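A look at the structure
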Amino acid sequence: MKTNALKGMKDILPAEQKLRDYVQQKILETYRASGFERISTPMLEDAENLDKSDGGDNLNLIFKVLKRGDKLASALAASPVDEKSLSDMGLRYDLTLPLSRFFAANRNELQFPFKVIQTDRVFRAERPQKGRSREFVQCDIDILGDASCNAEVELIDVTARALLNIGCEDEKFKDFTININDRKILRNMLESMGFASETLDSVCITFDKMDKIGADGIKAELEEKAMPENAVKALYEFCAKAAQGITIEDVVSKCADKSIADDLKYVIENVNKVSCGKYRIKYSPSLVRGQGYYTGVVFEIASPHFSGAVGGGGRYDNLIGKFIGQQVPAVGFSIGFERICSILLDIGFKIPGEKEKCALLYDDSIPFADIMSEAAKLRASYSVAIIKKAKKAGPQFDMLEKQGYTKFATVKEGAVVLK
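Definitions and cut-offs
- Residues numbered from 1 in each chain as written.
- Predicted model: local features only at pLDDT ≥ 70, side-chain atom pairs only at ≥ 80, totals over all residues.
- Heavy atoms only, no water.
- Helix = DSSP H or I, 4+ residues; strand = E, 2+ residues; numbered from the N terminus.
- Buried < 20%, exposed > 50% of the residue type's maximum accessible area, 1.4 Å probe, protein only.
- Contact = heavy atoms within 4.5 Å.
- Areas by Shrake-Rupley, 256 points an atom, 1.4 Å probe, with all protein chains shown as cover.
- Lys, Arg positive; Asp, Glu negative; His and termini not counted.
- Charge placed at Lys NZ, Arg CZ, Asp CG, Glu CD.
- Pairing = 2+ DSSP bridges.
- Axes fitted to C-alpha atoms, helices over the stretch in contact; angles between N-to-C directions.
- Core = buried A, V, L, I, M, F, W, Y, C linked by side-chain atoms within 4.5 Å.
- Salt bridge = Lys/Arg side-chain N within 4 Å of Asp/Glu carboxyl O.
- 1 Å grid on protein atoms, 1.4 Å probe; cavity = no way out; pocket = protein on both sides within 12 Å on 5 of 7 lines; lining within 4 Å.
- Points joined across faces, edges and corners; volume = space filled by probe spheres on them.
- Nonpolar A, V, L, I, M, F, W, Y, C, P; charged D, E, K, R; others polar.

**Comments concerning the overall build of the chain**
Secondary structure summary: the chain contains 16 helices and 15 strands in total. Once the C-alpha set of the chain is aligned to its principal axes, its extents read approximately 90 × 65 × 45 Å. Across the 419 residues in the chain, those meeting the buried criterion constitute 45%. Long-range contacts, defined here as pairs at least 24 residues apart, represent 70% of the contacts in the chain between residues at least 6 apart. About 22,000 Å² of surface is accessible on the chain, with carbon and sulfur atoms providing 50% of the total. With 60 positive and 61 negative side-chain charges, the chain shows a separation of 5 Å between the mean positions of the two kinds.

Laid out in structure tokens, this is it:
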């Protein structure tokens, strides 16, 4: 029997789990205080739903579940065997598709607009490496049923406040920016460059890799996709200029519809008003987000002190319509929970106001009920664990100190002795 967790997954020791519980608690407190309500959905989704979810490259990372019994036997007996016929469900790769299905199934029971929280595990068949796991937690808030840009403004503000309310005073942690773009602007610009409308999703998926592969990588991948030479050249030149700084007006000048940036300007203006300088929002012309279901404004949380985004989201007005045949406006923001916890561990974050850990050590000379009573008294000031004395005190104390215990108590002659 193997003792190690599967690749891309991990066991979590008590000290890290305590931090994770605290971070999730603070995030939930902020979300709930802002009027959002929590739901849960199953880890497994119908294979057809997953395949048609416009999840971009994530569709290639779905953990598929084989059919069972006679259905599997029948699929295997077919000649040739069709890979898709072997599976009828898969593990969710994010929380947006399950939320869309949930809303479609339960919309008559929900308040409209629906402000919802999801904090749960998702699964992607990634190649395991630092920062990329196969199982991880997402913390999402979404607003369904609000077509106005006020939904984006509210989600950005609530998410930023959730991060700040974690209580980390490290200036590096608090120094973050919300990067923002609008896919409508981007698509309009790409069409004006010469890309056909039916290829825009594919172009956007490539363009989203700008930070990873650079302008030359974008050019090479689009050439491999046989995109028009003049269009690829125009986008390559745009990428080079974007690295030096491009304003919204620079992009709008390339668009046929000059009012297309009004929504984006509205969001930026209002977020700047409500942020009171506690966080920043910045136009990022190369921001796309990899999921194909995004239809409008998209955003990510970035910090100059840490590589990779620590959160992201955007508007996805067409996804729920795949289930019910009518469009429902929707926008969501996901905190990169694993990334946040990793950063906090790396900088040595201490949970604010946490009680000191006290080990109440006992032996059989005192009734256990008396030990329990003394522990209850100590809990007014400490977090107390009742632990039987080991035969060898040295190794026991070493382990307890390693686990964060700073106080040690014993009961002698009916009184607690605290060290």
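There is more to say after this.
**A closer look at the pairing of strand β4 (residues 87–91)**
Across three bridges, the pairing between strand β2 (residues 44–46) and β4 is antiparallel. Bridged to Glu45 within β4 is Gly90. Here three bridges tie strand β3 (residues 64–66) to β4, and the two strands are oriented antiparallel to one another. The partner of Leu66 across the bridge, within β4, is Ser87.

**Considering the sheet that holds β4**
Strand order in the open sheet formed by three strands is β2-β4-β3, with antiparallel pairing between adjacent strands. Edge positions in the sheet fall to β2 and β3, since each of these pairs with one other strand and no more. Averaged over neighbouring strand pairs, the angle between their axes works out to 40° when direction is ignored.

**Focus: the nonpolar core**
Burial of nonpolar side chains together is a common tendency in soluble globular proteins. Grouped together as the largest cluster of nonpolar side chains are 78 residues, with contacts concentrated most on Val23, Tyr31, Ile156, Leu190, Phe195 and Leu235. The leading source of residues in this core is helix α5 (residues 150–164), at eight residues. Not counting the four nearest positions on each side in its chain, Ile156 is found in contact with Ile178, Ile180, Val267, Val271, Tyr279, Ile281, Phe299 and Phe333. Counting 22 residues, the second largest nonpolar core, distinct from the first, contains Tyr93, Phe102, Leu287 and Tyr294.

**Here we look at the pairing of strand β5 (residues 114–123)**
Within β5, seven of the ten residues are buried, which leaves the element mostly enclosed by the surrounding structure. Bridge analysis of strand β1 (residues 37–38) against β5 gives two bridges, and the strand direction is parallel. Looking across to β5, one finds that Glu37 is bridged to Val116. Across ten bridges, β5 lies against strand β6 (residues 135–144) in antiparallel orientation. Opposite Lys115, over in β6, you have Ile143 as the bridge partner.

**Here's the deal with the sheet that holds strand β15 (residues 415–418)**
Strands sit in the order β13-β12-β14-β15 across an open sheet of four strands; the sheet is mixed. Among the strands making up the open sheet, the edge pair consists of β13 (383–388) and β15. With direction set aside, neighbouring strand axes in the sheet form an average angle of 30°. Each of β12 (357–362), β13 and β14 (405–412) is contacted by helix α16 (residues 393–402), which is oriented at about 135° to β14, the strand it contacts most.

**Here's the deal with the pattern of salt bridges**
Applying the stated criterion to the full structure yields 30 salt bridges. Between Arg68 and Asp88 there is a salt bridge whose closest N-O contact spans 3.0 Å. One end of the pair, Arg68, is in the loop between β3 and α3 (69–77); the other, Asp88, is in strand β4, and 20 residues separate them in sequence. Given the relative accessible area of 45%, Arg68 is considered partly exposed. One salt bridge in this structure joins Glu249 and Lys265, with 3.6 Å as the shortest N-O distance. Here Glu249, found in helix α11 (residues 248–252), pairs with Lys265, found in helix α12 (residues 262–275); they are 16 residues apart in sequence, far enough to count as distant. In this structure Lys265 comes out as partly exposed when scored by relative accessible area, which is 37%. Among the charged side chains, a network of salt bridges with common partners joins Lys10, Glu16, Arg20 and Glu338.

**What to know about empty space enclosed by the protein**
Under the counting rule described, the total for this entry stands at one cavity of 30 Å³ or more. Here the largest cavity defines a volume of roughly 70 Å³. Lining the largest cavity are Leu163, Lys172, Phe173, Phe176, Ile301, Ser303, Phe306, Val310, Ile340 and Ile343. Sorting the residues of the lining of the largest cavity by element identifies α6 (171–174), β9 (297–303), β10 (306–315) and α14 (337–346) as the ones contributing at least two each. The residue makeup of the lining of the largest cavity, split by class, is eight nonpolar, one polar and one charged.

**A closer look at the layout of surface pockets**
In this structure, the second largest pocket occupies an estimated 650 Å³ of space. Ala15, Glu16, Lys18, Lys350 and Gln403 are the residues nearest the centre of the second largest pocket, which is lined by 21 residues in total. Listed by contribution, the elements that provide at least two residues to the lining of the second largest pocket are α1 (14–33), α14 and α16. Ranked by residue count, the leading element in the lining of the second largest pocket is α1, at five residues. Here the residues of the lining of the second largest pocket are counted per class, giving nine nonpolar, four polar and eight charged.

**Side note on unusual backbone geometry**
Cis rather than trans, the peptide bond between Phe112 and Pro113 has omega equal to 0°. Among the structural elements, Pro113 can be located in the loop between α4 (96–106) and β5. At Asp54, a residue that is not glycine, the phi angle is positive and equals roughly 55°. For Asp54, the position within the fold is in the loop between α2 (47–51) and β3.

In short, shape yes, function no, at least from these values alone.
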